[in-house]
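# Reading the structure
One letter stands for each residue in the lines below.
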Amino acid sequence: IKMDQLVPECKTEIGERNLTETHVQEMIREIEGVEEARGLWMATKTGNPKLDEYRPVVIKLMRERFSVTRDELVAEFVQALGSCPLTDVQIRTLMRQYCLRDTSNSGKFNFKRE
């Protein structure tokens, strides 16, 4: 979720009109299992243990690159975790949460950004 979406939602939810983006960022940083990359805040776990172990690798790649191919992604998974038994469907499901839809058929996952 983007910060410009989060601040108004927090103001409404907690009723604090003077809440700033800085306040919200400080609150988010205290939440376990939430990380920021490219101006977006995302959960590191979603309750799907099969995919959750791969999320930190994807978030790391988001911080380092604008896009990644499937082969590069699998190589990063193998390097970080020792293997990558995920099917193509599982990889696409995981990456859908972090990437824009590729309409160019380039074969790359293009990471979302603020």
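Calculation rules
- What you see as residue numbers is a count from 1 along each chain, following the sequence as written.
- Under the rules for a predicted model, residues below a pLDDT of 70 receive no local features and side-chain atom pairs below 80 are neither given nor counted, while totals for whole chains, interfaces and linings still include all residues.
- Note that the side-chain values use all heavy atoms of the structure and ignore hydrogens as well as water.
- Values of pLDDT, which run from 0 to 100, indicate the predictor's confidence residue by residue.
- By the criteria applied, helices consist of DSSP H or I runs no shorter than four residues and strands consist of E runs no shorter than two, each listed in order from the N terminus.
- Contacts are residue-level and defined by heavy atoms, with any inter-residue pair within 4.5 Å sufficient.
- A cavity here means a set of 1 Å grid points, computed over protein atoms only, where a 1.4 Å probe fits but cannot escape. A pocket is an open set with protein on both sides within 12 Å along at least 5 of 7 lines, and lining residues have an atom within 4 Å of a point.
- Grid points are joined across faces, edges and corners, and a volume is the space filled by probe spheres set on the points.
- Polar here means any residue outside two lists: the nonpolar Ala, Val, Leu, Ile, Met, Phe, Trp, Tyr, Cys and Pro, and the charged Asp, Glu, Lys and Arg; Gly therefore counts as polar.
- Axis definition: a line fit to C-alpha positions, over the contact stretch in the case of helices; interaxial angles, taken between N-to-C directions, run 0 to 180 degrees.
- An angle below 35 degrees is read as roughly parallel, one above 145 as roughly antiparallel, one from 65 to 115 as roughly perpendicular, and any other as oblique.
- In this scheme the crossing of two helices becomes right-handed for a clockwise turn of the near helix relative to the far one and left-handed for an anticlockwise turn of less than a right angle.
- Among buried residues, those of type Ala, Val, Leu, Ile, Met, Phe, Trp, Tyr and Cys that are joined through side-chain atoms within 4.5 Å constitute a nonpolar core.
- Think of it in three bands: with a 1.4 Å probe and only protein chains considered, a residue is buried below 20% of the maximum accessible area for its type, exposed above 50%, and partly exposed in between.

### Observations regarding the confidence of the model for the chain
The predicted model of the chain has a mean per-residue pLDDT of 85, with 96% of residues at 70 or higher. The secondary-structure element of the chain with the lowest mean pLDDT is helix α1 (residues 3–14), recorded at 75, while helix α5 (residues 70–81) shows the highest, at 95.

### Concerning the side chain of Arg55
Here Arg55 lies in helix α4 (residues 55–64). Not counting residues within four places of it along the chain, the set of residues in contact with Arg55 comprises Ala43, Thr44, Lys45, Thr46, Leu94, Gln97 and Tyr98.

### What about the layout of surface pockets?
Its boundaries defined by the atoms lining it, the largest pocket holds a volume of some 330 Å³. What lines the largest pocket is a set of 14 residues, among which Arg92, Leu100, Arg101, Asp102 and Phe109 lie closest to the centre. Sorting the residues of the lining of the largest pocket by element identifies α6 (88–96), β4 (99–100) and β5 (108–111) as the ones contributing at least two each. Tallying contributions element by element places α6 first for the lining of the largest pocket, with 4 residues. Tallied by class, the residues present in the lining of the largest pocket amount to 4 nonpolar, 3 polar and 7 charged.

### What about the packing of α4 against α5?
Relative to each other, α4 and α5 sit at 120°, their axes nearing to 10 Å. Taken together, α4 and α5 sit at an angle that is classed as oblique. Here α4 and α5 pass one another in a crossing that is right-handed. Of the residues in α5, those touching α4 at Val57, Val58, Lys60 and Leu61 are Leu73, Glu76, Phe77, Ala80 and Leu81. Here the contact of α4 with α5 is built from residues that sort into 7 nonpolar, no polar and 2 charged.

### Digging into the nonpolar core
In this structure, Val58, Leu73, Phe77, Ile91, Met95, Tyr98 and Phe111 are the most contacted members of the largest nonpolar core, which totals 23 residues. Mapped onto this core, the elements with two or more residues apiece are β2 (40–43), α4, α5, α6 and β5. Per element, the largest residue contribution to this core is 5 residues, and it comes from α4. Discounting chain neighbours no more than four positions away, the residues touching Met95 are Val58, Val68, Leu73, Phe109 and Phe111. In terms of nonpolar packing, the next biggest core, distinct from the first, is built from 8 residues, Leu6, Val7, Cys10 and Trp41 among them.

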